[in-house]
Structures are given as C-alpha cells and as structure tokens.
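Results of the structural survey
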Amino acid sequence: MNAPSSASQHAAPLLKVEKLSKHFPLSTGLFGGQARSVRAVDGVSFDVAPGETLSLVGESGCGKSTTGRLIARLLDVSSGRVSFQGRDMSHIQGADLRALRRDIQMVFQDPYSSLNPRQTVGDIIGAPFLIQGMTPAEGRQAAVQELMRRVGLNPEHYYCYPREFSGGQRQRISIARALALRPKLIICDEPVSALDVSVQAQVINLLQDLQRDLGLSYLFIAHDLSVVRHISHRVAVMYLGRIVEIAGVGPLYERPLHPYTLALLSSAPDPDPDRAASRKRFVLKGELPSPVNPPDGCLFHTRCPMAQDKCRSEVPALRQVAAGRQSACHYADQVPAIAAG
Amino acid sequence: MFVSVRDLKVHFPAEEGLVRAVDGLSFSIERGKTLAIVGESGSGKTAASLAMLGLHGKAARISGEIAIGDAQVVGASESTLRRLRGNRMAMIFQDPLTAMHPYHKVGEQIVEAYRTHRSVTRKAARQRTLDMLARVGMADTQRAFDSYPHQLSGGQRQRVMIAMALCCDPELLIADEPTTALDVTVQAQILDLLKDLQREFGSAIIMITHDLGVVAEVADEVVVMYAGRAVETGTVRDVFYRPSHPYTWGLLESIPRLDHQRDRLTAIPGSPPSLAGLAEGCAFRKRCGHAASVPDGLCASQAPLPTDIAAGHSIRCHLTDTGRAAARSNPRQPSASEVQP
Ligand SMILES: Nc1ncnc2c1ncn2[C@@H]1O[C@H](COP(=O)(O)OP(=O)(O)OP(=O)(O)O)[C@@H](O)[C@H]1O
Ligand SMILES: Nc1ncnc2c1ncn2[C@@H]1O[C@H](COP(=O)(O)OP(=O)(O)OP(=O)(O)O)[C@@H](O)[C@H]1O
Ligand code: SF4
Ligand code: SF4
Ligand SMILES: [Mg+2]
Ligand SMILES: [Mg+2]
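Scope of this entry: the structure provided in the associated data block. (Residues numbered from 1 in each chain as written. Chains lettered and ligands numbered in written order. Predicted model: local features only at pLDDT ≥ 70, side-chain atom pairs only at ≥ 80, totals over all residues. Heavy atoms only, no water.)

Quick notes on the sheet that holds strand β10 (residues 229-235) of chain B
Residues and elements named next belong to chain B. What the 8 strands build is an open sheet, ordered β6-β7-β8-β3-β9-β10-β12-β11; its pairing is mixed. Looking at strand neighbours, the two that pair on one side only are β6 (89-92) and β11 (307-310), the edges of this open sheet. Taking each pair of neighbouring strands and ignoring which way they run, the sheet shows an average axis angle of 20 degrees. Relative to strand β12 (residues 313-315), β11 is paired through 3 bridges, and the arrangement is antiparallel. Across the sheet, residue Asp308 finds its bridge partner in β12, namely Ser314. (Pairing = 2+ DSSP bridges. Helix = DSSP H or I, 4+ residues; strand = E, 2+ residues; numbered from the N terminus. Axes fitted to C-alpha atoms, helices over the stretch in contact; angles between N-to-C directions.)

Brief notes about the site of ligand 1
Residue and element names in this part refer to chain A. For ligand 1, the full set of nearby residues is Phe24, Val38, Ala40, Ser60, Gly61, Cys62, Gly63, Lys64, Ser65, Thr66 and Pro291. Contacts to ligand 1 include Lys64, whose side-chain N or O atom sits 2.8 Å from an oxygen atom. Surface burial for ligand 1 is 60%, taken as the share of its 630 Å² of free accessible area covered by protein chains. Going through the elements one at a time, β2 (37-48) and α2 (64-71) are the ones with two or more residues in the shell around ligand 1. The class makeup of the residues in the shell around ligand 1 is 5 nonpolar, 5 polar and 1 charged. (Near = heavy atom within 4 Å. Polar contact = N/O pair within 3.5 Å; in protein donor to acceptor, adjacent residues only side chain to side chain. Areas by Shrake-Rupley, 256 points an atom, 1.4 Å probe, with all protein chains shown as cover. Nonpolar A, V, L, I, M, F, W, Y, C, P; charged D, E, K, R; others polar.)

As for the pairing of strand β4 (residues 61-68) of chain B
All names here are of chain B. Direction of pairing for strand β1 (residues 3-12) relative to β4: antiparallel, over a ladder of 7 bridges. Within β4, the position partnered with Ser4 by the bridge is Ala67. Pairing geometry for β4 and strand β5 (residues 71-72), over 2 bridges, is antiparallel. If you follow Ile68 over to β5, its bridge partner there is Ala71. The antiparallel pairing of β4 with β5 creates a hairpin that spans 2 residues between the two strands, and Gly69 there sits at a positive phi of about 60 degrees.

Some words on the environment of A:Asp189
Residues and elements named next belong to chain A. Position of Asp189 among the secondary structure elements: in strand β7 (residues 185-189). In the structure, Asp189 is positioned 125 residues away from Lys64 in sequence and 8.3 Å away in space, judged by C-alpha atoms. Once residues within four sequence positions are removed from consideration, Asp189 is found in contact with Ser65, Met106, Val107, Phe108, Gln109 and Ile221. A distance of 2.7 Å separates the side chain of Asp189 from the side chain of Ser65, its partner in a polar contact. (Contact = heavy atoms within 4.5 Å.)

Right under this line is the structure:
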C-alpha cells in the first residue's frame, strides 16, 4: 500500500482531535468521598488526512473503542474537541448531528450481533437512507444493489437474511451499510478480528479498494499488529487512555521511539519460525495498572524497563522527537539502543 | 513416539447429516516437543483435543487409535481415563473461567485437583500449590491462592489454569487456544512460560491455535487442519518454508506480515464449508485454484489420502510432484469472486 500523496498530508486534516477526554464516573461508595472515575480517554490529540488510514493500537482497555465512539458521537465528550472539516463537532445536536452521521460511519467487530436478524439484507443496507429521510435518485433498491456489487455481494441476494451469509459476507453487509451515505470517514473497530484467517484478507482488500476508489479516510482500530502494519499510513499507540507514540507506519515498526511500542512489537507473534527464534524479545513484566487509579508521572513507569526517578514524578508530554514523529517518553532517543540490546 | 494418533475420527450424527468434525487425523509427538494444530474455526481442533482426553459425550462416534505412552485412550474405561487425565495429561482452555469454580478460591481448587490424583496431605498439597503459583509467575502467591477467579486479570487466570494443569507433572499438555483472549504482551509472557516449563519438566505439548504467528513461535511439528482433516503435516520449517498444500499456500499468502508491508494480500476466495453432510472429494476444492489441473475431476470425486512427500512431511492433495511444482511457479490470482451465501 502506498503512503498518501504528500499533497494530502499537507492538506487540511479531515478530522482533528484535540485533548479529547472521556471520564466515566464510578458510582460513589457508601462513604461519599471524592467521586472517582475511569479515565478511559485522557487528553488525546491526532488528526486524519483525507484518504488516510490512521490506526489505534494498544492493549485491551486502553481506550481505542471509546476514542472511536467519541468521534462518531455515540458517546458524549467529557472535554476537548473533535473538528471535522474544520468545524467543531464536539457538542452539535439535531440536524447538524444528523448531517455529521452521513460523513462519519462505523463498522464494528462482530458482524453477527451488529446486524438485525429479522431484516433482509436489502433493508439493512438501505436503512441509512430511511433514517436520513432521503431517497437516492436511482431508487432505494437500485442504490442498495449497487452497494452490494461494490462490496462483492451478489445483488440477487437482496431479500436474503443475515443468517444465510458467512462471517466474511456479513462483514461485507456492514461495510455496504456504512457506505450508503457516501461517508468521508469510516471508523473501523476491529473489523476483521472475528473473521476466519482465510477470510480476513478478502475484507482487508475490500477496505483498501474502497479507500482507493472513493478517497475514504479510515480510523482503524485493531489488536493484530501485522494487519495494522499492512493497512495503515500512520499509527497511534495508546496506553491507559493516552497516546504514547504516533508516527508513520514504516518508521514506527522499524524504529520505535517509545519503550511501550517496542514491547508491543516485540511481543507480536511473527509468522516466520527462523525470525521468531532469533529475534530479541522485550517482554513486559507485570500487569496493566487500573485506569481508575493510574500511576503518577509516566503512566508506563510501573512496567518500563527504562524507567528512571524522573519518570515516577514527571509526566512526559507527547512531543515531536523527529520529523513526523511524536513520543511521550523522557528518554525517547535512547529507545533504539535498547531495541538493539 | 510418546503420543501417537492414528486415523482418528470424531463424528456427530445430526439432522443435516453426519458431522465429520475430525475425519482421519494422524500425528505423533515425542516427549519435550510441541506440536501445533492450526486451523480455522470449525476445522475440528477442539473436537480432536477432547478426544485425546476422552472427554466427548455419548453423542460422539469415535474411532481410530490414540496412544499416550503405553495407554490407549479410544475405548478406555472411565476410570482409566480419569487416571490418565490426572497423571499423564492435562488441558488448558481458552477461557479459564469455564474450567474454574466461580465461588471457590483458586488455591483451594488447585489443592483439590492435586489431591484427587495424588494421595498427599492437605498441607503438602497446599505447599505444592504455592510452589506452582510461584512457578507460573504469580507475584504474591499467598494472595493469589486466596483469590476468587473474578478477582484476577485474564492473564493471571490463565497462569492459575496452567498451575492447575501442571501440578501433577503431566507428560502431555493440551493447550486449546490458551492465549487467544489475551493481549500480545501477556500472550508473549504465557508462551515463554510454557516453553520454560516444558524445558524443565520435559512434557509434550499440543498447542491448538488459529494464529500462524503463534505456531511459528512455539511449534516443532505442525498439523494444518481443514474441514476435519489434516491437509498438511510436517516440521515447522516444512510448513513455513516448504509449504506443499494449496490451502497452506493460500494461508501463508493471505496473512499480512509483521516485518514488511505487502502490496496486496492474496485472499483465498469463498469461505470454509459446513461440515454437515460434506460431499465426496477434497473439501477445499471450491476454493482451490489448482483443482482444474488435476485430471479426471478427481478433486470432486475422491478425497485425497495422506501422502508422504518427504520424511515426516505429508499432504492430502491429488496434485502430482510435477503438478505441484508447476502450481507453485504460477501462483493463482483468484478473481474477486462473488461468493454465494
Ligand atoms: N460505559 C462505560 N462505563 C464505564 N467504563 C467504561 C465504559 N466503556 C468503557 N469503559 C472503560 O474505559 C476503558 C477503555 O475502554 P475501551 O473499550 O475504549 O478500550 P479498548 O481499547 O477498546 O479495549 P478492547 O481492546 O478490549 O476493545 C476501559 O477501562 C473500560 O473498562
Ligand atoms: N457435540 C457436538 N455435536 C455436534 N457437532 C459438533 C459437536 N462438537 C463440535 N461439533 C462440530 O464439529 C466441528 C468442529 O468443531 P470444533 O469445536 O472442533 O472446531 P474448532 O476447530 O475447535 O473451532 P474453533 O476455532 O472455533 O474453536 C464444528 O462444525 C462443530 O459444529
Ligand atoms: S518516560 Fe520513563 S517510564 Fe515512561 S516510557 Fe520513558 S523511560 Fe519509560
Ligand atoms: S486435492 Fe485438488 S482441490 Fe484439493 S487441494 Fe489438491 S488440487 Fe486442490
Ligand atoms: Mg475496543
Ligand atoms: Mg475450538
């Protein structure tokens, strides 16, 4: 996959996220006291260019889905700002919100539970037209059948039900539905994780074809680091609700500048036995701290093999550490030496 | 050979026809070695491992031979099986919660499991449990002992499960997707732990997974399953560097890589077949780009038998040596096929 042209990288971002936070309040205990909350997303900033794929990676619970749902406005923002095409969308309502829903769509992990079993495929894919109260010029059925063709489904199956389709085909149905209103950004939350290995590649190829043909942007959430390498232009690594590193996909995989990125990459299973046997592992000790009670200083210091005293007291800001690269580590420049051993 | 499985069949009578969950599986393992069984959802991996432990209910029709050391599993009495399960083999499941009692302390559960199979005092069993918890890397063993399953993280529960499985020094450990639900960082810890314990105790391990990365990390020998049959069997280097079955080719070409970006993934068209009433012939033929180069429509009429193509390397495919070489030099470019539900 090619990187987006330099023109699009310098173009105004399609999506701009600034200091976005979501704190879920926990029910206060019997003794009142200070209300505690889960800092699911805590001051996250990034942007996505037209035609670009930005991936969010990180361990379970680090806030990837919450970030996606905030941007799609399926959740209310606690603080910070989401701008789409230069307009602040963080608190819009009513007709403005409905218009935003045309531009930003979501595709979820589980094609089984995200489709209504009692609706025909035609009704599922055509639902966005109804919700928006619009009829495509060529008629709803023709428009839906064109979408079905576009995602590799047989248009003759318009009247079939989801149970008659395999997992990969169901994910094609969700993708067709997401495309109906010609969105500019699709948030894909683990879109291939539930699919069989032999079917994943079909859906990944489809997503890439659609991006090429329609100029779509993707915010891609996934835990499979090989899939992320394949599909992304840039990658943001999250840890306990914050972004710890963000960079172009090649530089990030080849020369990580945050110890957490290094740990993630060196833990990812590599489907090549000789390389797997010879590579240097950087296995993390300990457990992910609770987002209710995150550590002081650098959030990663409890597991970081590079941690110094400074890390326990001073929060490292996400800062530019090289051209097009940001890292939230006090000692980012020392990471390559650690990686080399 | 310590473990030897010959022509294992696990069939379930069902309304839609006989479900051949496992249909003629053969492999063997030496002590201290790891065999990976890799296959997609529904390919029969769990059905095969439950057969090895003699854990199938009455509905299953099981035939063939499973030898663990000098003991035979198929046809063994329930008391023989119980003894085998405690003393010679143990299993780790994907979801430890299904194997643990929710309202008993995990330490007590290990003590119970140990005392069922060894006549030792409660005090000795308790000490053994604490030792095992330390051995699997639980930091505070006393606290771990006194925890209930829901108080532990996913990774900790999997460690406890491994401690329980290993407390009786099994000679054979069957691990069914032990890390599928875990983050890559924790997965790396658990896989390393299993390797260490194997080195220490010399157990044979059967690792069941759908992840070719995990296979490359841990396996000495590999069985690739498709629709209940082993389509390719060989050493890990045979399967990754000299793959010889069209399905294995398809899998290896369709997965994205961690070390470089592929231009485009070569997807296997279609989806895995339903096992109920699977017709004659090769189960992969509808997705195989090479069936046309096999004469006489053999792929549709006859199921290929296992054939040795080198010492210890066998496949089930009708392609001849020359046919295979030609197929390999001319990789199939599957059309973006429109797949039928
Ligand atoms: N509605 C909610 N109420 C309270 N806490 C929540 C809610 N939704 C998410 N959280 C918490 O917020 C944190 C981030 O969750 P999120 O689902 O965004 O993680 P994720 O990175 O998508 O994880 P996964 O990889 O498991 O999908 C977690 O600690 C989660 O428990
Ligand atoms: N008790 C049963 N009765 C009828 N069919 C069964 C039974 N157990 C398993 N099967 C069928 O046997 C086939 C193989 O199932 P199995 O659970 O072994 O697959 P698997 O390879 O472990 O898949 P997964 O990766 O999803 O765990 C499936 O088609 C399943 O529906
Ligand atoms: S700031 Fe310190 S603790 Fe945090 S990642 Fe860098 S070295 Fe590790
Ligand atoms: S037997 Fe025929 S259909 Fe089956 S894998 Fe070989 S060539 Fe393909
Ligand atoms: Mg999520
Ligand atoms: Mg299974």
